[in-house]
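Single-letter residue listing:
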Amino acid sequence: MLITCPYCGPRDVSEFAYQGDGNRNRPDPASTDLVAWNAYVYDRLNPAGAHNEIWQHAGGCRAHLAVVRDTLTHEILSVRFAREKGAPAHGRRKSGAKA
Amino acid sequence: MVEQLSPLAAAFRPGSHGNFVDGVGVTLSEMAPGSIVQVAAWPGEEKKLIAAISSITGLKLADGAGAGAVSERHTVFGFAPGKFLVTDTAEGLASTLASAVTPATGSVTDLSHGRTAIRVAGQKSEWVLAKLFAVDFSLVAFPQGSGISTAHHDIFAQIQRSSPDRFDLYVFRSFARSFWKMLCHASDEVGYEVR
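An unreviewed UniProt entry lists chain B under the name Sarcosine oxidase subunit gamma, with Aminobacter niigataensis as the source organism.

In the annotation of an unreviewed UniProt entry, the entry for chain A reads Sarcosine oxidase subunit delta, and the organism field reads Aminobacter niigataensis.

Right under this line is the structure:
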């Protein structure tokens, strides 16, 4: 399984660390809404297909990445820096790639 | 000046080793630069940092992922978004960079004693390194001057291609000897010279 890091290009999955489900929305830390916190901690979609995930390129540039992976085929559908909002950015050694 | 000690110690055995009857495939050496410095820019300050590095090293650095350049005295390459490794054959680069990189632009970390620089040169260098790292070492994917970050198991390594058949590897000093031994084992097959 290869993940195409927006900075480093295609790399083996052994260089990456899984950081969990990318669909979670953390409630306001001051919130006491138990239902929202319960959902944040426990509720997972567990889809058979495209899944939003957070990975870290721990054995490379150490950037956190927002990855869409197909849980049935392990195909990586898109990768972008997790800190970036907006459209996923593909590409090997993208010129001008920044933090 | 304090005498610089190599972490490779007795594992560094100059001479030809392995299967070198048909010629030496790779040459392994320790570069021992005087300074190894990591500089990092805050988001949005990358261009200022690149300009500061260029003014000190005299090397022109393209604004792209992994871009780098090499001269007789300095090497520089990007290894992560907004982060660069800069070396100097002389000591004192960290203080020179610290005076040029303001706290508003980024940070300067002196790694001169924390990293060991190992040079792998020769026509079989791509072949040998491909045994250790799951990275495309071809000249097309890994152009001259550019750098990458990768890892061999848990030994983090930053690699720069300083010429078409020469790679400079920066590994943790505390892991350098075991990494060196492994590199020697990997080079055994093609014959290697240590110098």
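(A) Focus on the sheet that holds strand β3 (residues 17-21) of chain A. All names here are of chain A. With respect to topology, four strands assemble into an open sheet ordered β3-β4-β5-β6, the strand pairing being antiparallel. What marks the edges here is a single partner per strand, and that holds for β3 and β6 (76-81). Going across the sheet, the axis of each strand differs from the next one's by a mean of 30 degrees, ignoring polarity. Pairing of strand β4 (residues 50-56) with strand β5 (residues 64-70) involves seven bridges; the strand directions are antiparallel. Across the sheet, glutamine 56 pairs through a bridge with histidine 64, a residue of β5.

(B) View of the confidence of the model for chain B. A residue-level look at chain B finds 99% of positions with pLDDT of 70 or above and a mean pLDDT of 94. We note a pTM of 0.89 for the whole complex and an ipTM of 0.88 for its interfaces.

(C) Structural detail: the domain arrangement of chain B. Residue and element names in this part refer to chain B. You can read the domains of chain B as domain 1 (23-32 + 114-194) and domain 2 (35-110). Using C-alpha coordinates to define each centre, domain 1 is positioned 22 Å away from domain 2. Contacts between the two partners involve twelve residues from domain 1, matched on the other side by 13 residues from domain 2. Elements that contribute at least two residues to the side of domain 1 that touches domain 2 include exactly β8 (115-121), β9 (147-152), β10 (155-163) and β11 (166-172). Among the residues forming the side of domain 1 that touches domain 2, the class breakdown is three nonpolar, seven polar and two charged.

(D) Spatial organisation of helix α4 (residues 176-188) of chain B. All names here are of chain B. The end-to-end C-alpha distance of α4, which contains 13 residues, comes to 18 Å, matching closely the 18 Å that a straight helix rising 1.5 Å per residue would cover. Inspection of α4 places Ala176, Phe179, Trp180, Leu183, Ala186 and Ser187 among the buried residues, and these make up the whole buried set. Taken around the axis of α4, the buried residues stretch over an arc of 120 degrees, which confines them to a single face. Looking at α4, the residues exposed on the side facing more than 90 degrees away from the buried face are Ser178, Lys181 and His185. Here the buried face of α4 lies against β2 (26-30), β8, α3 (125-132), β10, β11 and β12 (192-194).

(E) Quick peek at helix α2 (residues 93-100) of chain B. Residue and element names in this part refer to chain B. Of all the residues in α2, the buried ones are Leu93, Ala94 and Leu97. Angularly, the buried residues of α2 cover 95 degrees about the axis, an arc narrow enough to put them on a single face. Facing away from the buried side of α2 by over 90 degrees, the exposed positions are Ser95 and Ser99. At its buried positions, α2 is contacted by β3 (35-41), α1 (46-57), β6 (83-88) and β7 (106-110).

(F) Representation of the pairing of β10 of chain B. Residues and elements named next belong to chain B. Pairing analysis gives six bridges linking β9 to β10, with the strands arranged antiparallel. Counted as the bridge partner of isoleucine 148 is isoleucine 159 from β10. Bridge analysis of β10 against β11 gives six bridges, and the strand direction is antiparallel. Residue pairing in the sheet places arginine 161 in a bridge with phenylalanine 167 of β11. The turn joining β10 and β11, which pair antiparallel and follow one another in sequence, is formed by two residues.

(G) Inspection of the sheet that holds β8 of chain B at higher detail. All names here are of chain B. Overall, mixed pairing links the seven strands, which are arranged β1-β12-β2-β8-β11-β10-β9 in an open sheet. The sheet is open, and its two borders are formed by β1 (15-17) and β9, each paired with just one other strand. Put simply, the sheet's adjacent strands are angled 25 degrees from each other on average, direction ignored. For β2 and β12, the ladder comprises three bridges, and the chain directions are parallel. Looking at β12, one finds that threonine 27 is bridged to glutamate 193. Contacts from α3 reach β2, β8, β9 and β11 within the one sheet, and its direction differs from that of β8 by about 130 degrees. Its contacts with the sheet put α4 on β1, β2, β8, β10, β11 and β12, and the angle it makes with β2 is roughly 170 degrees.

Thresholds applied
- Residues numbered from 1 in each chain as written.
- Chains lettered and ligands numbered in written order.
- Predicted model: local features only at pLDDT ≥ 70, side-chain atom pairs only at ≥ 80, totals over all residues.
- Pairing = 2+ DSSP bridges.
- Helix = DSSP H or I, 4+ residues; strand = E, 2+ residues; numbered from the N terminus.
- Axes fitted to C-alpha atoms, helices over the stretch in contact; angles between N-to-C directions.
- pLDDT = per-residue confidence, 0-100.
- Domains from an automatic or database assignment.
- Contact = placed C-beta atoms within 7 Å.
- Nonpolar A, V, L, I, M, F, W, Y, C, P; charged D, E, K, R; others polar.
- Expected span 1.5 Å × (residues − 1).
- Buried ≥ 20, exposed ≤ 12 C-beta atoms within 10 Å, placed from the backbone.
- Arc of directions from axis to C-beta.

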